[in-house]
4 protein chains.
Amino acid sequence: MIKIGIIGGSGYTAGELLRLLANHPQAQINFVYSTTNAGSPIASVHEDLLGELDLNFTDTVNPDVDVVFLCLGHGKSLAFLQANVFSEGTKIIDLGNDFRLTADAQFNGKAFVYGLPELNRDAIKTAQYIANPGCFATAIQLALLPLAKNSLLNNTVHINATTGSTGAGVMPSGTSHHPWRMGNMSHYKAFNHQHLGEIVQSLQQLQTGFDNEVLFIPNRGDFARGIFATLYTKLPADFDSIVKLYEDYYKAEPFVKVTTGAINMKLVLQTNNCFIGLEQHGNYLLITSVIDNLVKGASGQAIENMNLMFGLEEITGLKLKAAGF
Amino acid sequence: MIKIGIIGGSGYTAGELLRLLANHPQAQINFVYSTTNAGSPIASVHEDLLGELDLNFTDTVNPDVDVVFLCLGHGKSLAFLQANVFSEGTKIIDLGNDFRLTADAQFNGKAFVYGLPELNRDAIKTAQYIANPGCFATAIQLALLPLAKNSLLNNTVHINATTGSTGAGVMPSGTSHHPWRMGNMSHYKAFNHQHLGEIVQSLQQLQTGFDNEVLFIPNRGDFARGIFATLYTKLPADFDSIVKLYEDYYKAEPFVKVTTGAINMKLVLQTNNCFIGLEQHGNYLLITSVIDNLVKGASGQAIENMNLMFGLEEITGLKLKAAGF
Amino acid sequence: MIKIGIIGGSGYTAGELLRLLANHPQAQINFVYSTTNAGSPIASVHEDLLGELDLNFTDTVNPDVDVVFLCLGHGKSLAFLQANVFSEGTKIIDLGNDFRLTADAQFNGKAFVYGLPELNRDAIKTAQYIANPGCFATAIQLALLPLAKNSLLNNTVHINATTGSTGAGVMPSGTSHHPWRMGNMSHYKAFNHQHLGEIVQSLQQLQTGFDNEVLFIPNRGDFARGIFATLYTKLPADFDSIVKLYEDYYKAEPFVKVTTGAINMKLVLQTNNCFIGLEQHGNYLLITSVIDNLVKGASGQAIENMNLMFGLEEITGLKLKAAGF
Amino acid sequence: MIKIGIIGGSGYTAGELLRLLANHPQAQINFVYSTTNAGSPIASVHEDLLGELDLNFTDTVNPDVDVVFLCLGHGKSLAFLQANVFSEGTKIIDLGNDFRLTADAQFNGKAFVYGLPELNRDAIKTAQYIANPGCFATAIQLALLPLAKNSLLNNTVHINATTGSTGAGVMPSGTSHHPWRMGNMSHYKAFNHQHLGEIVQSLQQLQTGFDNEVLFIPNRGDFARGIFATLYTKLPADFDSIVKLYEDYYKAEPFVKVTTGAINMKLVLQTNNCFIGLEQHGNYLLITSVIDNLVKGASGQAIENMNLMFGLEEITGLKLKAAGF
């Protein structure tokens with residue numbers, strides 16, 4: 001059994017980790033750290049876990065766990081690790097964005113590996129520290145990796161993606177207030193979203209010298225879960241060959257499905273899957289990519305990384321029933 | 001033109017008042033009081049009013065307006081009136097619950113009249129102070145008044161009603177956080193909702209000695225606007241006669257429609273209407289009542305009261321396009 | 001491995017069965033019968049199963065399967081069984097309502113057992129034919145069984161329950177048309193819902209001579225999945241003792257959780273769980289019951305029954321991640 | 001009073017016309033033609049109009065009305081006009097797409113004028129026949145007209161727009177089935193939407209020789225009403241000057257509001273307004289455009305055209321309360 005600690009236990013990604021780990025055959029949750037809820041039962045916050053997880057939040061960190069998941073707000077992981085020392089062998093999976101860029105990825109003399117299995121599986125297997133990708137970044141990279149792998153990203157990349165309200169976290173705010181959000185749509189951080197850095201870094205890892213524009217408009221959608229992304233770029237090439245590149249890239253992947261049929265976002269909700277839809281329109285390739293932002297876009301992928309780091313089958317605990325509706 | 005002041009200008013009921021008054025032919029908005037937004041344009045908070053209302057919030061009260069609408073949190077109207085003195089003739093319409101019960105309805109030596117036109121139209125016309133009914137209370141009373149008028153409420157009244165998230169106000173909270181509320185349903189204050197007092201008071205006004213149980217379960221619905229209420233009581237009587245009582249009671253009413261066909265909540269959204277549906281099942285009469293909580297349930301009814309108090313046609317400014325969808 | 005046939009394969013309950021069985025360790029899907037989609041891949045209809053289930057719909061029935069799930073429209077199961085003969089030992093689980101009432105439960109000289117494990121577990125284990133309960137009926141019975149067991153249902157039972165749009169099935173209709181349903185609420189079949197029969201039958205099974213009124217208003221909610229039910233009845237008794245009766249009744253049950261805290265519908269979505277919330281208000285006991293209509297209310301419970309019939313652990317394949325959001 | 005006939009009376013755009021015309025001071029609805037509902041009251045289909053419009057659907061056309069609104073499915077208006085002859089002076093406003101392109105715009109020896117007031121106001125005033133713009137086309141053109149007017153569209157135009165489910169009409173279908181649509185997102189007709197023709201035609205009207213690519217991805221959103229469109233194009237120019245061009249273009253327009261602040265779709269719902277938000281990001285101009293697809297995108301704009309054609313003030317009957325929430 002893997003002895004697990006979770007830091008920042010009352011947020012959405014921690015809740016999703018707990019829901020997933022409660023059914024993971026090798027997981028033993030050792031402690032769930034939350035300063036605000038210390039002493040209260042886990043199920044007082046993550047109420048669907050009533051009767052599933054007989055454990056209280058704690059404000060004490062046990063340094064001797066096998067793996068720690070950091071579910072803190074963005075920018076808080078580094079400070080936490082500086083203030084809390086773990087055992088030498090403890091693995092760390094950071095769901096925040098502190099260590100995703102190579103320039104920031106050093107800690108304690110070791111490098112964080114960017115935890116996108118479809119890009120870095122081998123490095124993940126031997127890593128001690130993992131920077132788990134962002135949710136938008138996951139959907140977008142999975143849509144583009146096969147092109148980068150084949151050096152086919154030679155024009156501007158246009159991205160429009162919409163996220164559910166869980167993407168904004170558990171803290172209520174004006175744009176996640178139900179009366180405002182319900183039946184509404186809006187965008188934010190157009191052309192400037194913080195995930196662009198990790199996206200470009202991964203594309204450059206596969207396609208040396210990639211420096212085309214990547215234009216990204218993120219939207220707030222009227223749903224709680226999911227990311228729906230459409231991407232297009234000029235790519236005058238035989239469509240069947242392009243489809244083949246995608247199929248080849250993902251043929252051994254357990255969670256990525258490629259299709260030339262129409263897809264919709266609900267196909268992947270509550271699962272660790274990413275569906276990739278491909279269409280050609282004149283000189284443009286249109287790629288549609290959908291994930292569940294809390295599963296493949298966060299906690300599911302974090303467990304996928306844990307599985308790889310501990311030598312388990314990658315899908316362990318991640319064969320999830322699709323939501324359907 | 002009626003010179004109008006609005007107190008508590010940044011909340012939902014104030015916003016709805018402003019949207020309605022912006023198209024009211026006799027309304028002149030003199031000031032909109034908000035301590036938190038003083039100095040900012042109205043449209044910085046109620047953004048749909050961009051270009052419609054060229055006015056800033058203020059933290060100064062003008063005592064010389066013709067009418068003041070109090071859109072404060074429940075329990076704050078009395079304190080506000082004690083701290084801010086208006087001109088002798090200024091009319092006051094309180095959208096809060098401070099003055100709805102007769103026992104609380106005295107202020108400055110004058111009584112607040114309970115502002116449900118379908119019950120108290122004549123008294124409203126000559127009143128200086130109005131206590132505007134609660135949203136649930138409006139939907140529920142309109143469903144029951146014809147029975148009380150005819151002394152037919154002789155058994156327990158069972159009520160189940162669901163409200164949209166705007167009913168909880170503009171301040172974000174856990175139960176109005178979009179991820180939690182979307183696709184969800186829950187109840188609160190079962191059997192104890194604060195509107196029961198005004199409901200029973202009105203029933204007793206029409207049916208002397210009424211003291212049967214009124215059991216009320218309020219629910220939180222997955223929509224932003226609207227109240228959907230079902231009520232039933234044992235009433236072994238000829239159905240056609242009962243329908244006739246309702247039709248008679250409401251035949252001259254501009255905003256209440258009675259039908260024996262199926263109704264749904266969206267029929268009345270964005271309007272000042274109340275639809276009443278009637279069915280008989282064995283010995284039980286089932287009454288369905290739907291309103292828009294922000295219009296007939298709050299700001300629309302407040303304007304209806306203003307119209308009556310100033311001798312205008314009751315529907316002035318309240319011929320609103322139904323939402324449809 | 002259990003060899004499985006599914007009849008009526010393109011509907012919602014069949015889709016949910018397939019999603020669940022795809023991860024069930026003992027399930028082998030032998031055929032999925034659909035006259036309208038024969039020859040097409042399963043994933044052409046249940047698109048989230050792309051890559052999971054490499055199988056086509058068929059219009060040929062294999063009589064030699066171990067178990068058949070009937071996912072036909074209500075009233076069509078009997079006709080299907082008369083036209084299609086299965087092997088002598090084939091078990092049948094009917095998700096329709098043809099065989100739920102004792103009076104209708106005979107077929108082929110054998111009786112259908114009403115498949116509510118919390119009521120009939122032992123009989124289910126040895127049954128060949130199972131009538132799977134209705135979705136409303138499941139939520140409502142689980143709320144009432146402990147009272148019936150203790151002969152405490154001595155007054156009228158008042159029920160208000162709201163269902164998601166999947167409850168109306170896969171065929172588009174006016175009341176499941178998105179523009180109409182979104183942000184709306186309505187009721188249907190008030191006091192007359194077809195599930196009342198099976199509910200009363202079960203209550204009488206536990207509380208001999210039960211014949212009080214059961215008044216039930218079913219509503220259409222603005223969500224796709226879930227049932228939210230509130231029930232109350234006059235029950236002047238010590239609250240702690242009542243809670244104890246519920247805890248005792250459900251203490252060994254894997255899927256029913258009893259609490260005196262507030263509950264909401266989303267706690268159980270995508271799971272086979274039922275959450276029961278208890279409150280006392282004066283002489284009334286208020287019971288809140290929530291399930292996922294497609295899982296515990298249909299396909300999950302059907303698999304639970306299959307597990308019992310084949311001697312598997314009851315929770316096999318049913319440890320599902322809660323939706324959370 | 002303007003004597004009005006409506007053809008195709010049971011659809012969404014006809015319903016919205018009726019809701020609007022019911023409060024229009026100069027409108028007299030003479031007949032509402034519907035073959036499927038002939039003989040039934042208007043309120044049996046458009047139920048919110050109960051008590052507002054005492055009229056039945058008819059299958060007889062009165063040729064002597066002042067104006068006819070055609071609310072038929074796309075492609076059916078021409079056939080209808082060929083089969084039904086109106087009086088010589090009867091004005092026709094077609095809400096379908098039969099006559100929007102100049103090449104198709106001839107009928108009876110007269111040309112249909114493309115009814116976008118912000119582009120063709122003067123021509124509309126004297127026109128007898130109007131082709132009312134498409135909903136997407138309206139939102140998109142209003143976002144681009146000031147640039148075309150100033151010949152600033154010199155690069156590819158990228159458009160991503162999401163529509164509510166009412167955009168698909170009153171007939172239930174798989175992609176408007178509530179269980180599928182709720183909480184979902186998808187795209188359709190990418191790069192090929194039928195509104196591209198009228199959009200490009202209008203741009204060419206203002207910017208001679210415009211022939212850049214216009215790339216458009218239309219999406220299906222999880223809401224009933226509204227269009228949320230984002231557009232960007234390379235435009236290296238001083239931002240303040242661009243904003244000024246927009247403000248100049250729209251300064252006298254009653255329904256278009258330009259802002260550099262953040263906007264969201266709900267600002268315009270239930271109104272005839274279009275909000276245009278402007279941002280500059282490097283060399284790109286980002287334009288956000290939001291309308292209500294049934295009002296400014298269809299029936300409201302049709303009435304705006306009627307007002308212009310009959311010499312009324314353009315806003316007559318179109319001062320609508322914004323939905324707010």
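All figures in this text were calculated on a predicted structure; none of them were measured in a lab.

Before going further, it helps to examine the side chain of Arg-121 of chain B. Looking at the secondary structure, you find Arg-121 of chain B in helix α3 (residues 117-126). Ignoring anything within four residues of it in the chain, the contact list for Arg-121 of chain B reads Leu-116, Glu-253, Pro-254, Leu-308 and Glu-314 of chain B.

Sheets are built from strands that pair by backbone hydrogen bonding, the pairs being arranged parallel or antiparallel. All names here are of chain A. Spatially, seven strands are ordered β10-β11-β9-β12-β15-β14-β13 in an open sheet, and the strand pairing comes out mixed. Since the sheet does not close on itself, it has two edges, and those belong to β10 (186-187) and β13 (256-259), each with one partner. Pairing between β13 and strand β14 (residues 274-281): four bridges, direction parallel. When the sheet's bridge partners are listed, Lys-257 is paired in β14 with Phe-275. Along the sheet, helix α8 (residues 239-250) makes contact with β13, β14 and β15 (284-291), crossing β14 at roughly 165°.

All names here are of chain B. Along the polypeptide, Tyr-188 turns up in the loop between β10 (186-187) and α6 (196-206). Along the chain, Tyr-188 and Asn-219 lie 31 residues apart, while their C-alpha atoms are 6.2 Å from each other. When sequence neighbours within four positions are dropped, the list of residues in contact with Tyr-188 reads Phe-136, Thr-163, His-193, Pro-218, Asn-219 and Arg-220.

Let us look at the UniProt feature "active site" (unreviewed entry) in chain A. Residues and elements named next belong to chain A. Annotation from UniProt places "active site" (unreviewed entry) at Cys-135. Within the element layout of this structure, Cys-135 appears in helix α5 (residues 135-149). Given the relative accessible area of 17%, Cys-135 is considered buried. When sequence neighbours within four positions are dropped, the list of residues in contact with Cys-135 reads His-195, Ile-227, Ile-291, Asn-293 and Gly-297.

Let us look at the UniProt feature "domain: Semialdehyde dehydrogenase NAD-binding" (unreviewed entry) in chain A. Mapped onto this numbering, the UniProt entry gives "domain: Semialdehyde dehydrogenase NAD-binding" (unreviewed entry) at residues 3-127 of chain A. Along residues 3-127 of chain A one finds 25% helix and 21% strand; the C-alpha atoms at either end are 17 Å apart.

Glancing now at the interface of chain C and chain D. At the junction of the two partners, chain C supplies 18 residues and chain D supplies 18 residues. Summed over both partners, the interface of chain C with chain D comes to about 1300 Å²; 64% of that surface belongs to carbon and sulfur atoms. For the pair chain C and chain D, the interface holds zero salt bridges. Our enumeration of links across chain C and chain D arrives at 14 residue pairs in polar contact (both at pLDDT 80 or more). For the side of chain C that touches chain D, the element with the highest residue contribution is helix α5 (residues 178-181) of chain C, accounting for three residues. Across the side of chain C that touches chain D, the residue classes tally to eight nonpolar, eight polar and two charged.

Further remarks concern the packing of helix α5 (residues 135-149) of chain D against helix α8 (residues 239-250) of chain D. Residue and element names in this part refer to chain D. Across the interface, α5 lies against α8 with an axial gap of 9 Å and an inter-helix angle of 110°. In terms of their interaxial angle, α5 and α8 are classed as roughly perpendicular. Note on element contacts: α8 touches α5 through Ile-242, Leu-245, Tyr-246, Tyr-249 and Tyr-250, opposite Gln-141, Leu-142, Ala-143, Leu-144, Leu-145, Pro-146, Leu-147 and Lys-149. Residues of the contact of α5 with α8, tallied by class, amount to eleven nonpolar, one polar and one charged.

Relative to the helices and strands, Lys-296 of chain B is located in helix α8 (residues 295-309). It is 8.6 Å that separates the C-alpha atoms of Lys-296 of chain B and Ala-139 of chain B, two residues lying 157 residues apart in sequence.

On to the relation of the copies chain A and chain D. Mapping chain A onto chain D calls for a rotation angle of 180° and an axial translation of 0.0 Å; the resulting RMSD is 0.0 Å. On the angle and the small slide along the axis, the relation comes out as a two-fold axis. For chain A, the residue whose C-alpha comes nearest the rotation axis is Asp-222 of chain A, separated from it by 3.1 Å.

A few words on the domain arrangement of chain A. Residues and elements named next belong to chain A. For chain A, the assigned domains are domain 1 (2-133 + 296-309) and domain 2 (135-293). The gap between the C-alpha centroids of domain 1 and domain 2 is 25 Å. Contact residues are listed per partner, giving 22 residues for domain 1 and 31 residues for domain 2. For the domain 1 and domain 2 pair, buried surface summed over both sides reaches about 2000 Å², with 49% attributable to carbon and sulfur atoms. The largest contributions to the domain 1 side of the interface with domain 2 come from Tyr-12, Glu-118 and Lys-296, which together make up 33% of the buried area.

What follows is about the interface of chain A and chain D. Contacts between the two partners involve 35 residues from chain A and, on the opposite side, 35 residues from chain D. Where chain A abuts chain D, roughly 3100 Å² becomes buried across the two surfaces, and 61% of that area is made up of carbon and sulfur atoms. One can count zero salt bridges joining chain A with chain D. Taken together, chain A and chain D are joined by 20 residue pairs in polar contact (both at pLDDT 80 or more). Elements supplying a minimum of two residues to the side of chain A that touches chain D: β9 (157-163), α6 (178-181), β10, β11 (214-220), β12 (227-234), β14 and β15 of chain A. For the side of chain A that touches chain D, the element with the most residues is β12 of chain A, which contributes four residues. When grouped by side-chain class, the residues that make up the side of chain A that touches chain D number 17 nonpolar, 13 polar and five charged.

A separate point is the environment of Gln-201 of chain A. Residues and elements named next belong to chain A. Turning to its location among the elements, Gln-201 is positioned in helix α7 (residues 196-206). As a C-alpha pair, Gln-201 and Met-1 span 200 residues in sequence and 35 Å in three-dimensional space. For Gln-201, the residues in contact, after removing those within four places along its chain, are Arg-100, Leu-101 and Thr-102.

Definitions and cut-offs
Residues numbered from 1 in each chain as written. Chains lettered and ligands numbered in written order. Predicted model: local features only at pLDDT ≥ 70, side-chain atom pairs only at ≥ 80, totals over all residues. Heavy atoms only, no water. Helix = DSSP H or I, 4+ residues; strand = E, 2+ residues; numbered from the N terminus. Contact = heavy atoms within 4.5 Å. Pairing = 2+ DSSP bridges. Axes fitted to C-alpha atoms, helices over the stretch in contact; angles between N-to-C directions. UniProt positions renumbered as here; feature names shortened; annotations may be inferred. Buried < 20%, exposed > 50% of the residue type's maximum accessible area, 1.4 Å probe, protein only. Buried area = accessible area lost by both parts, 1.4 Å probe. Salt bridge = Lys/Arg side-chain N within 4 Å of Asp/Glu carboxyl O. Polar contact = N/O pair within 3.5 Å; in protein donor to acceptor, adjacent residues only side chain to side chain. Nonpolar A, V, L, I, M, F, W, Y, C, P; charged D, E, K, R; others polar. Parallel < 35°, antiparallel > 145°, perpendicular 65-115°, else oblique. Least-squares fit on C-alpha atoms with pLDDT ≥ 70 in both. Domains from an automatic or database assignment.

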